[in-house]
Amino acid sequence: MRMTGIVLAAGKSQRLGRDKLSVVMPDRRSLAAWSLEAALNSDLEQVVCVVKPEDSLAWLPVHWLDSATYAYNPNVRLRIAVCADYACGMANSLHCGILSAMEYKPQGILMLLGDQPLLKAQDINQVAAALDTHKLSDYAAATDGEGGKPPVAFRSHMFGPLLSLHGDEGARKIMRSANYSGVHVPLPERSFWDADTEPELERIMKYVSESDQTD
């Protein structure tokens, strides 16, 4: 199944109070680089990274930035999509990513967040494979036992409903609708850890540091 990934990295980091994307992880890479590289190391055919206009992209590894494109190019793996109206709500970032992804004419898209650094490429592949396997499902979403969560994959016929979202509405509204059916893919709890607050960020850092010591 031809699938394009969308990494949502245009958030305002209001709860954290500082730019979460550029937080330096124990291996000296940025937090957002972990999320993006999981997508780039997965089986996704292309990856669209949605950013805000003022983002310097200093968090993006140089080797990926040098090879990225800002326009449609089917021969380039990573595309940077600048969302001018990101501040008006999550739906605008979604629209920017979906419209960019549609140019590749994929059979589906898979959306993930830029602040979930413990997500692995194999986690992304599991969600994508679930949608491919369950032919009658409109979407496939990761879950920790409490409903569908990113990463979430949608078939191409769902682009319209996704583009109808507005304001702070996200894909969760679609997943909660009785009009659509989906399948859930259980992932490890840590896959869903984000960096919305300082305590949550500290938990991520502690996990990474302890994992390095046991490897």
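From a predicted model like this one, the values you see are computed outputs, not experimental measurements.

Could you clarify how one ought to interpret the pairing of strand β7 (residues 182-186) in this entry?
Every other side chain in a regular strand lies on the same face of the sheet, so the side chains alternate between the two faces. Side chains of β7 alternate between two faces, with Val183 and Val185 buried and Gly182, His184 and Pro186 left unburied. Pairing between strand β5 (residues 139-143) and β7: five bridges, direction parallel. Pairing of alanine 140 across the sheet is with valine 183, part of β7.

What's the story with the nonpolar core in this structure? I'm lost.
Within soluble globular proteins, side chains that are nonpolar generally end up buried alongside one another. Formed by 35 residues in total, the largest nonpolar core has its most connected members in Leu36, Cys49, Trp59, Leu78 and Leu110. At the level of elements, β1 (3-8), α1 (31-40), β2 (46-51), β3 (78-82), β4 (108-113), α4 (121-133), β5 and β7 are the ones that each hand at least two residues to this core. Tryptophan 59 has contacts with Ala9, Leu21, Ser22, Ser30, Ala32, Ala33, Leu36, Cys49 and Val51, leaving out every residue within four places of it along the chain.

I'm lost on the environment of tyrosine 139 in this one. Help?
Looking at the secondary structure, you find tyrosine 139 in strand β5. Taking the C-alpha atoms as reference, tyrosine 139 lies 7.9 Å from methionine 175; in sequence the two are 36 residues apart. Each residue touching tyrosine 139, except ones within four places of it in the same chain, is listed here: Leu131, Val152, Ala153, Phe154, Met175, Tyr180, Ser181, Gly182, Val183 and His184. At a separation of 3.2 Å, a polar atom in the side chain of tyrosine 139 contacts the main-chain carbonyl oxygen of methionine 175.

Explanation requested: a nonpolar patch on the surface in the structure shown.
Taken together, the side chains of Leu65, Tyr70 and Val82 make up a nonpolar region of the molecular surface, amounting to roughly 270 Å² of accessible area. Among the residues examined, tyrosine 70 registers a relative accessible area of 51% and is labelled exposed.

What am I meant to see in the state of the cysteines here?
Each disulfide consists of one covalent bond between the sulfur atoms belonging to two cysteines. Tallied over the full model, the rule gives zero disulfides. The cysteine cysteine 83 is free of any disulfide, with cysteine 96 supplying the nearest cysteine sulfur at 4.7 Å. Cysteine 88 forms no disulfide, and the closest cysteine sulfur to it belongs to cysteine 83, at a distance of 8.5 Å. Residue cysteine 88 is classed as exposed on the basis of its relative accessible area, which comes to 56%.

What is the right way to read the packing of aromatic side chains from this model?
The geometry of an aromatic ring pair is captured by two quantities: the separation of the ring centres and the angle between the planes. Applying the stated criterion to the full structure yields three aromatic pairs. With centroids separated by 5.1 Å and ring planes inclined at 55 degrees, the aromatic side chains of tyrosine 72 and tyrosine 104 adopt a geometry described as tilted. Of this pair, tyrosine 72 sits in the loop between α2 (62-67) and β3 while tyrosine 104 sits in the loop between α3 (90-102) and β4, and the two are 32 residues apart along the sequence. Taken together, a centroid distance of 5.8 Å and an interplanar angle of 45 degrees make the contact between tyrosine 139 and phenylalanine 154 tilted. Linking tyrosine 139 in strand β5 with phenylalanine 154 in strand β6 (residues 148-155), this pair joins segments that are 15 residues apart in sequence. Across the pair, exposure class does not vary: tyrosine 139 and phenylalanine 154 are buried alike. Positioned above the aromatic ring of phenylalanine 192, the side-chain terminus of lysine 149 is 5.9 Å from the ring centre.

How each quantity is defined
- The numbers attached to residues start from 1 for each chain and follow its sequence in the written order.
- Predicted model: local features are reported for residues with pLDDT of at least 70 only, side-chain atom pairs are reported and counted for 80 or more only, and whole-chain, interface and lining totals are derived from all residues.
- Side-chain numbers here rest on the full set of heavy atoms in the structure, without hydrogens or water.
- Residue burial is assigned from relative accessible area. The probe radius is 1.4 Å, only protein chains are included, and a residue is buried under 20% of its type maximum, exposed over 50%, and partly exposed in between.
- In this description a helix means any DSSP run of H or I spanning at least four residues, a strand means any run of E spanning at least two, and both kinds are numbered starting from the N terminus.
- When DSSP finds at least two bridges between two strands, those strands are taken to pair.
- Take the buried Ala, Val, Leu, Ile, Met, Phe, Trp, Tyr and Cys residues and link them wherever side-chain atoms come within 4.5 Å; each set so joined is a nonpolar core.
- Any pair of residues with heavy atoms lying within 4.5 Å of one another is described as a contacting pair.
- Nitrogen and oxygen atoms within 3.5 Å of one another constitute a polar contact, given that in protein one can donate a hydrogen and the other can accept it, and given that sequence-neighbouring residues count only through two side-chain atoms.
- Two joining distances apply to patches: 9 Å for like charges and 5 Å for nonpolar side chains (Val, Leu, Ile, Met, Phe, Trp, Tyr), and every residue must have over 30% relative accessible area and no salt bridge.
- Residue-level accessible areas treat just the shown protein chains as cover; the underlying method is Shrake-Rupley with a 1.4 Å probe.
- Only one rule defines a salt bridge in this text: a Lys or Arg side-chain nitrogen within 4 Å of an Asp or Glu carboxyl oxygen.
- For this text, the term disulfide refers to a pair of cysteine sulfurs within 2.5 Å.
- Aromatic pairs are defined between Phe, Tyr and Trp rings, using the six-membered ring for Trp, whenever the two ring centres lie within 6.5 Å; interplanar angles under 30 degrees are classed as stacked, those over 60 as edge-to-face, and all others as tilted.
- Criterion for a charge above a ring: Lys NZ or Arg CZ within 6 Å of the ring centre, and within 35 degrees of the ring normal.

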